[in-house]
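# An overview of the molecular structure
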Amino acid sequence: MSGVYVKRRSDRIRRNGRAFVVANSIFMALLVFVTLYPFYYVIIGSISGDSVGAQEIYFLYPKDLDLSAYSMVFSTTSILRAYGNTLFITIVGTLLSLLLTTLTAYPLSKQRLHGRRVLTTLFYFTMLFNGGLVPTYLVIRDLGLIDTLWALILPKVISVYNMLLLINFFKSIPSGLEESAKIDGAGDMTALIRIVLPLSLPIFATLTLFYAVGYWNSWFDAVMYLNRSRNFPLQLVLREIVQSVDLSYVAGGGADYSMSDTTIQSVRLATIVVAILPIMMVYPFLQKYFVKGVMIGAIKG
Amino acid sequence: MNRTLRTMRKDRMLYLMLVPGLVFFLLFKYWPMYGISIAFKDYKLGREIWEAPWAGFKYFRQFFSSPDCARVLINTFVISFGKLLVGFPSPILFAILLNEIQRRGAKRFIQTVVYLPHFISWVVVGNLVLMMLAPKTGLFSTAITAITGNDVNVLLDPDAFRWVLILSDTWKELGWSAIIYLAALSGVDMNLYEAAAIDGASRGRMMWHITLPAIRSTIVIMLILRVGKILDAGFEQILIMSNALVNEKCEIIDTYVYKVGLQQARYSYSTAVNLFKSACGLVMVLGVNTVARRWEENML
């Protein structure tokens with residue numbers, strides 16, 4: 001009797017369970033769709049040809065394959081120059097950030113260092129309170145950085161969050177390793193380069209991603225500090241392309257481009273694709289590392 | 001004292017390493033703090049800060065007595081509270097449900113997908129959202145028109161637009177905010193679930209009695225920290241997405257500071273509003289951190 005009861009009960013649970021699994025799978029599939037669809041839409045829109053009427057809309061597949069929007073993007077000087085500017089601030093900025101963050105974080109991870117607490121507090125405080133928009137602008141101006149690409153790099157070259165992340169990581173390395181190197185006569189710099197850095201590659205993968213994405217996506221800094229379009233980064237040019245009603249600006253002032261609405265739209269979309277593709281191709285490979293990075297930051301921070 | 005000096009001498013390489021970082025913080029973080037003084041002065045561009053005459057609390061009084069004050073404060077709170085209400089529980093729910101997916105490949109794929117929007121700039125995301133919601137051509141509005149038969153344009157309706165801000169922010173950060181909960185869940189002992197299954201517990205009961213308690217302390221800490229940032233309603237997002245028609249209900253403190261400061265060149269006034277906000281923010285974060293620490297101590 002009780003055996004029958006148990007069997008019936010577990011049957012019910014299994015049936016409940018199956019309904020849940022199905023519902024949950026559908027939910028997850030919907031979530032994936034909702035997340036990816038806008039990106040998919042941009043991609044198919046960018047390769048849909050000129051023959052598509054302005055009122056005709058594509059939702060699921062491109063109407064016909066036409067890569068002319070891309071050839072236009074890659075032949076437009078303002079976009080190419082912006083791409084170059086963004087590459088410059090991303091590469092130089094990330095390298096400089098990694099260097100300076102390491103140099104700052106390493107001494108602050110040493111318990112024995114006099115003044116460590118004062119300095120860490122001094123640096124951490126800037127995370128909670130800052131000068132604000134206008135005072136910061138005035139400083140950047142007084143330093144002569146207006147209209148230079150350095151205005152997009154130097155003011156954020158060290159992120160306090162990333163610095164704390166690195167300090168916590170350095171603290172977790174057993175000190176015995178460095179001590180033994182010291183006994184062999186190595187200085188602090190040698191210990192950092194030879195012993196500590198090789199052990200820190202995973203955290204550096206995370207920091208590289210965080211910094212590089214920050215520089216790649218920088219937009220507001222450029223709005224604030226740049227006036228000459230020669231220096232504009234990709235995000236700023238992208239914003240102008242998206243907002244502008246006609247693309248004569250993008251076409252470099254040449255009146256011979258007579259573009260239809262759809263061409264304008266596909267050039268816009270192609271520019272977006274070009275702007276997000278590098279990030280889309282890189283971040284999945286670093287997932288293992290940044291997940292760990294976020295955890296260290298959340299627990300200790 | 002002598003010994004301190006001796007160890008400091010021995011560590012001179014470490015101090016040398018700190019020099020560039022120290023210079024950075026002094027130049028780019030502490031020097032602007034001196035500039036805050038223009039909030040109490042009649043500052044005009046082209047003059048040195050110390051030359052400007054003192055104005056006392058004139059610009060603070062100006063802000064508090066202007067109709068803009070209540071408006072931007074209310075907008076900031078409403079939008080920020082909406083983001084808290086929707087954007088805070090969503091990643092928790094998502095993490096709990098993802099935890100129930102058994103196939104590891106599928107789980108990993110879903111995670112990779114939902115992390116994507118976090119890495120994309122607001123310039124792009126804002127444009128994607130506007131495209132999806134655009135009347136006649138956007139997927140969302142087309143779907144609504146097909147279902148209800150009415151044309152809708154949420155982009156021009158101030159109240160609806162607040163929801164656009166809240167939901168697009170939730171969409172962007174859902175996966176990223178879930179990481180911390182997923183990490184906490186991966187540490188749960190699987191034996192607990194097996195034992196519960198033998199006792200005949202249903203999936204719902206297991207989620208309620210095993211999964212949720214496992215991340216409860218994480219939830220509380222994240223909530224406390226989130227409340228400390230309630231004055232940050234999403235500066236870049238709103239600057240990029242909002243338009244003249246919805247501005248009345250979507251202008252927040254930060255975008256107001258930008259508008260009056262750099263577009264209208266009212267430097268002192270803008271800095272006063274900015275200081276008011278950062279001072280309140282500082283007090284809130286410090287208060288909230290104390291609460292979080294107390295709570296953690298009580299838990300141990």
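Presented here is a report on the structure given in the accompanying data block. (Residues numbered from 1 in each chain as written. Chains lettered and ligands numbered in written order. Predicted model: local features only at pLDDT ≥ 70, side-chain atom pairs only at ≥ 80, totals over all residues. Heavy atoms only, no water.)

## Some thoughts on the overall build of chain A
For the record, the criterion: Working definition: helices are DSSP H or I runs of at least four residues, strands are E runs of at least two. Numbering for both runs from the N terminus. Exposed residues in this analysis have more than 50% of their type's maximum accessible area, buried residues have under 20%, and partly exposed residues fall in between, with area computed by a 1.4 Å probe over protein chains only. It only takes one pair of heavy atoms within 4.5 Å for two residues to be counted as in contact. Note on areas: Shrake-Rupley with a 1.4 Å probe; residue coverage comes only from the protein chains shown.
Scanning chain A for helices and strands turns up 13 helices and 0 strands. When the helices and strands of chain A are listed from N to C terminus, the series reads α-α-α-α-α-α-α-α-α-α-α-α-α. Counting all 301 residues of chain A, 50% fall into the buried class. Here the contacts in chain A between residues at least 6 apart in sequence split such that 73% fall between residues at least 24 apart. Counting every atom, chain A has about 14400 Å² of accessible surface; 65% of that belongs to carbon and sulfur.

## Some remarks on the overall build of chain B
Operational definition: Only the C-alpha atoms count toward the radius of gyration. The rule for a globule is 2.2 Å times the residue count to the power 0.38.
If you tally the helices and strands in chain B, you get 15 helices and 0 strands. For chain B, whose C-alpha radius of gyration is 25 Å, the value lies well above the compact-globule estimate of 19 Å for 300 residues. In terms of overall dimensions, chain B has C-alpha extents of about 75 × 75 × 35 Å along its principal axes. Counting across all 300 residues of chain B, residues that qualify as buried make up 49%. A fraction of 68% describes how many contacts in chain B between residues 6 or more apart in sequence connect residues 24 or more apart. In the form shown here, chain B has an accessible surface area of approximately 15100 Å², with 64% of it arising from carbon and sulfur atoms.

## Brief notes about the interface of chain B and chain A
Convention followed: We define a salt bridge as a side-chain nitrogen of Lys or Arg found within 4 Å of a carboxyl oxygen belonging to Asp or Glu.
On the chain A side, the residues contacting the 88 residues of chain B number 89 residues. On inspection of chain B and its partner chain A, the count reaches 1 salt bridge. In this structure, the salt-bridge partner of A:Arg112 is B:Asp11, at a minimum N-O distance of 2.9 Å. By residue number, the principal contributor to the side of chain B that touches chain A is helix H2 (residues 12–35) of chain B, which donates 18 residues.

## Thoughts on the environment of B:Phe64
Residues and elements named next belong to chain B. Checked against the element boundaries, phenylalanine 64 lands in helix H3 (residues 58–65). Looking at phenylalanine 64, the relative accessible area reads 43%, which means it is partly exposed. In this structure the C-alpha to C-alpha distance between phenylalanine 64 and valine 273, which are 209 residues apart in sequence, comes to 9.1 Å. When neighbours within four sequence positions are excluded, phenylalanine 64 is seen to be in contact with Cys69 and Phe276.

## Examining the packing of helix H11 (residues 203–228) of chain B against helix H15 (residues 267–299) of chain B
Residues and elements named next belong to chain B. Let me state the cut-off plainly: In this analysis, axes come from line fits to C-alpha atoms, helices being fitted only over the stretch in contact, and the angle between any two N-to-C directions falls in the range 0 to 180 degrees. Each angle receives one of four descriptions, namely roughly parallel if under 35 degrees, roughly antiparallel if over 145, roughly perpendicular if within 65 to 115, and oblique otherwise. The hand of a helix crossing depends on one turn: near helix anticlockwise from the far one by less than a right angle means left-handed, and clockwise means right-handed. Polarity classes work like this: nonpolar for Ala, Val, Leu, Ile, Met, Phe, Trp, Tyr, Cys and Pro, charged for Asp, Glu, Lys and Arg, and polar for all others, with Gly in that last group.
The N-to-C vectors of H11 and H15 enclose an angle of 165 degrees; their axes lie 7 Å apart at closest approach. In this view, H11 runs roughly antiparallel relative to H15, as classed from their interaxial angle. Crossing of H11 over H15 shows right-handed handedness. Between H11 and H15, the residues in contact are Arg216, Ser217, Val220, Ile221, Ile224, Leu225, Val227 and Gly228 and Gly281, Met284, Val285, Val288, Asn289, Val291, Ala292, Trp295, Glu296 and Met299, respectively. Residue composition of the contact of H11 with H15, by class: 12 nonpolar, 4 polar and 2 charged.

## Things to note about the environment of B:Arg12
Counted only if it meets this: Under the rule applied, a polar contact is a pair of N or O atoms within 3.5 Å (in protein, one hydrogen donor and one hydrogen acceptor; residues adjacent in sequence only if both atoms are side-chain atoms).
Of note, B:Arg12 is situated in helix H2. In this structure the side chain of B:Arg12 is engaged in a polar contact, spanning 3.0 Å, whose partner is the backbone oxygen of B:Arg9.

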